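Each chain, letter by letter, is given below.
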Protein chains: 2
Amino acid sequence: MKRKPSTEATSAWIRLMRVQSRVLDCVEQDLKKAGFPPLAWYDALLELSRAPSGELRPVELERQMLIPQYSTSRLIDRLVDEGLACRRECKIDKRGQFVEITEAGRELQKRMWGAYSAAIEKYVGSKLSDADAVKLSGLLDRLGCSCGEMKLPVHVNETTPSR
Amino acid sequence: MKRKPSTEATSAWIRLMRVQSRVLDCVEQDLKKAGFPPLAWYDALLELSRAPSGELRPVELERQMLIPQYSTSRLIDRLVDEGLACRRECKIDKRGQFVEITEAGRELQKRMWGAYSAAIEKYVGSKLSDADAVKLSGLLDRLGCSCGEMKLPVHVNETTPSR
DNA sequence: TCAAGATTGATGCAGGTGCATCGAGTGCGG
DNA sequence: CCGCACTCGATGCACCTGCATCAATCTTGA
């Protein structure tokens, strides 16, 4: 029952893979050269920073970030080691815990957004008109089998007053 | 001199990252469940199989696949360990070598294309019309800073006689 | 012709990821 | 109340990646 994909679909697939890895590489390199940790750290700090009281259950973080459980667990280890977050006991469920972002964590997240947003502008914004960016998003969404909400970085709001 | 990216660019960036990793995961899972090795092996076997006499210098493979040198070196190790390729001495440059695909390698590459093409159809082809796939390719290309040729898998030709 | 520099490919090390599994704790059905 | 299935989070292992560096060889230019 397996049909061959069209050459158009195959071509789109190949470009998706290659362009993404290339652009991601560029952005990660820029961050690294500016002395920052990997993007995954930023994502985690961002999620924590926008949680109601700066804390989340690891399992929530895992679902927000769409990464596997063990990966979350070890990412938290690293954040804690660096003093960017701390573990707090969870009284209502003794299996669990809360992870709370520290001041250092919030501060790093903000500083990273400076470099990160500049990289997005450099590698995406400057190459695509807003209209084309919207078209690209729309097409990608169709591939994203129940891909969830796709929240924007919180800082985007700072530059876009109206909602 | 760093401008903030538009929310549209940021949104496109986020979707690009998330959709790609999601779709890639799905495809890799399908291949793994069918008992096949990772996609990188397929890419290498494909490049080798379409080289003039089934052999390439590692440095060529590296440039085709856009992966770092040490990565190529170890990928070749694994292919050789599995009997999918073999190293041959390079008489004209004693530093170098040739890597030649074996019959087992060619055969695996063909079998993998069966599962691989089915996965592309399932996760990309079935979700996008040909016209939309072309639009997506075009938009992605604009991000692909001097991204090179983007060759299609050779098997595509088997199903598309006219060029 | 020969020294300096570039290129080819391998490798030790540190760290990240996937997988399987584990121990602890919860909650539900009987 | 008990037991069983499930959820939460951690961890040992294998493997893979990035980085730095190495030895061998080639190339260039004085």
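Residues numbered from 1 in each chain as written. Chains lettered and ligands numbered in written order. Predicted model: local features only at pLDDT ≥ 70, side-chain atom pairs only at ≥ 80, totals over all residues. Heavy atoms only, no water.

A word on the sheet that holds strand 3 (residues 97–101) of chain A
Consider a sheet: its strands pair through backbone hydrogen bonds, and that pairing is either parallel or antiparallel. Residue and element names in this part refer to chain A. Taken in spatial order, the 3 strands line up as 1-3-2 in an open sheet, and their pairing is antiparallel. Here the strands that pair on one side only, and so sit at the sheet edges, are strand 1 (55–56) and strand 2 (85–89). Inspection of the sheet shows strand 1 paired to strand 3 by 2 bridges, in the antiparallel sense. Bridge assignment links L56 to a residue of strand 3, and that residue is V99. Contacts between helix 4 (residues 69–81) and the sheet are confined to strand 2 and strand 3, with strand 2 contributing the most and set at about 115° to the helix. (Pairing = 2+ DSSP bridges. Helix = DSSP H or I, 4+ residues; strand = E, 2+ residues; numbered from the N terminus. Contact = heavy atoms within 4.5 Å. Axes fitted to C-alpha atoms, helices over the stretch in contact; angles between N-to-C directions.)

Brief notes about the packing of aromatic side chains
For the structure shown, the criterion picks out 8 aromatic pairs over all chains. Between the aromatic rings of A:Y42 and A:Y116, the centroid separation amounts to 5.0 Å while the plane-to-plane angle is 75°, which identifies the pairing as edge-to-face. Within this pair, whereas A:Y42 is found in helix 2 (residues 39–50), its partner A:Y116 is found in helix 5 (residues 103–123), the two being separated by 74 residues in sequence. Assigned by exposure class, A:Y42 and A:Y116 land together as buried. Taking 6.0 Å as the distance between ring centres and 75° as the angle between the ring planes, the aromatic pair formed by A:Y116 and B:W13 counts as edge-to-face. Residue A:Y116 is located in helix 5, and its partner B:W13 is located in helix 1 (residues 7–33); the two belong to separate chains. Using a relative accessible area of 6% as the deciding quantity, one classes A:Y116 as buried. Ring-pair connections join several aromatic residues into one group, and the members of that group are A:W13, B:Y42, B:W113 and B:Y116. Residue placement shows A:R57 over the ring face of A:F98; its charged tip is 5.9 Å from the ring centre. (Phe/Tyr/Trp six-rings, centres within 6.5 Å; stacked < 30°, edge-to-face > 60°. Buried < 20%, exposed > 50% of the residue type's maximum accessible area, 1.4 Å probe, protein only. Lys NZ or Arg CZ within 6 Å of the ring centre and 35° of its normal.)

Considering the pairing of strand 3 of chain A
Strand direction decides the pairing type here: strand 2 of chain A and strand 3 of chain A, joined by 5 bridges, are antiparallel. Bridge pairing in strand 3 of chain A links A:C86 to A:E100.

A few points about the packing of helix 1 (residues 7–33) of chain A against helix 6 (residues 130–143) of chain B
Where helix 1 of chain A meets helix 6 of chain B, the closest approach of the two axes is 9 Å, and the angle between their N-to-C directions is 25°. Regarding the angle of helix 1 of chain A to helix 6 of chain B, the classification is roughly parallel. When you trace helix 1 of chain A past helix 6 of chain B, the crossing you get is left-handed. Across the interface between the two elements, A:E8, A:A9, A:S11, A:A12, A:R15, A:L16, A:V19 and A:V23 of helix 1 of chain A pack against B:D130, B:A133, B:V134, B:L136, B:S137, B:L140, B:D141 and B:L143 of helix 6 of chain B. Of the residues contributing to the contact of helix 1 of chain A with helix 6 of chain B, the split by class is 10 nonpolar, 2 polar and 4 charged. (Parallel < 35°, antiparallel > 145°, perpendicular 65-115°, else oblique. Left-handed = near helix turned anticlockwise from the far one by under 90°. Nonpolar A, V, L, I, M, F, W, Y, C, P; charged D, E, K, R; others polar.)

Things to note about helix 4 (residues 69–81) of chain B
Residue and element names in this part refer to chain B. Along its 13 residues, helix 4 runs 19 Å from first to last C-alpha, staying within 8% of the 18 Å computed at 1.5 Å per residue. When helix 4 is considered as a whole, its buried residues turn out to be T72, L75, I76 and L79. All buried residues of helix 4 fall inside an arc of 105° around its axis, so they share one side. Looking at helix 4, the residues exposed on the side facing more than 90 degrees away from the buried face are Y70 and D81. Two residues or fewer past helix 4, G83 is found with a positive phi of approximately 75°. (Expected span 1.5 Å × (residues − 1). Arc of directions from axis to C-beta.)

Details of the protein's contact with DNA strand D
Near DNA strand D lie 19 residues; those nearest to it are A:V59, A:S73, A:R95, B:Y70 and B:R74. In this structure, a phosphate oxygen belonging to DNA strand D sits 3.3 Å away from a side-chain N or O atom of A:R57. One of the side-chain nitrogen or oxygen atoms of A:S73 is found 2.6 Å away from a phosphate oxygen of DNA strand D. Of all the secondary structure elements, the ones that give two or more residues to the surface near DNA strand D are helix 3 (58–65) and helix 4 of chain A together with helix 4 of chain B. Per-element tally for the surface near DNA strand D: the top contributor is helix 4 of chain A, with 4 residues. (Near = heavy atom within 4 Å. Polar contact = N/O pair within 3.5 Å; in protein donor to acceptor, adjacent residues only side chain to side chain.)

Thoughts on the nonpolar core
Inside soluble globular proteins, nonpolar side chains tend to come together where they are buried. A:W13, A:Y116, A:L136, B:W13, B:Y116 and B:L136 are the most contacted members of the largest nonpolar core, which has 88 residues in total. Aside from chain neighbours lying at most four places away, what touches B:L136 is A:A12, A:L136, A:L139, A:L140, A:L143 and B:L128. (Core = buried A, V, L, I, M, F, W, Y, C linked by side-chain atoms within 4.5 Å.)

Quick word on the pattern of salt bridges
Close approach of charged atoms allows side chains with opposite charge to pair. Tallied over the entire structure, the rule returns 22 salt bridges over all chains. Put simply, B:E100 and B:R88 hold a salt bridge, and the shortest N to O gap is 3.1 Å. Remark: B:R88 occurs in strand 2 (residues 85–89) and B:E100 occurs in strand 3 (residues 97–101); sequence separation between them is 12 residues. Look at B:E100 and you get partly exposed, because its relative accessible area is 22%. The class for B:R88 is partly exposed, based on a relative accessible area of 41%. One network of salt bridges, with partners in common, ties together A:R57, A:D93 and A:R95. (Salt bridge = Lys/Arg side-chain N within 4 Å of Asp/Glu carboxyl O.)

With respect to the confidence of the model for chain A
Counting all residues, the mean pLDDT for chain A is 86, and 86% of those residues have values of 70 or more. Below pLDDT 50 for its whole length, residues 159–163 of chain A participates in 2 contacts with residues either more than four positions away or in separate chains. (pLDDT = per-residue confidence, 0-100.)

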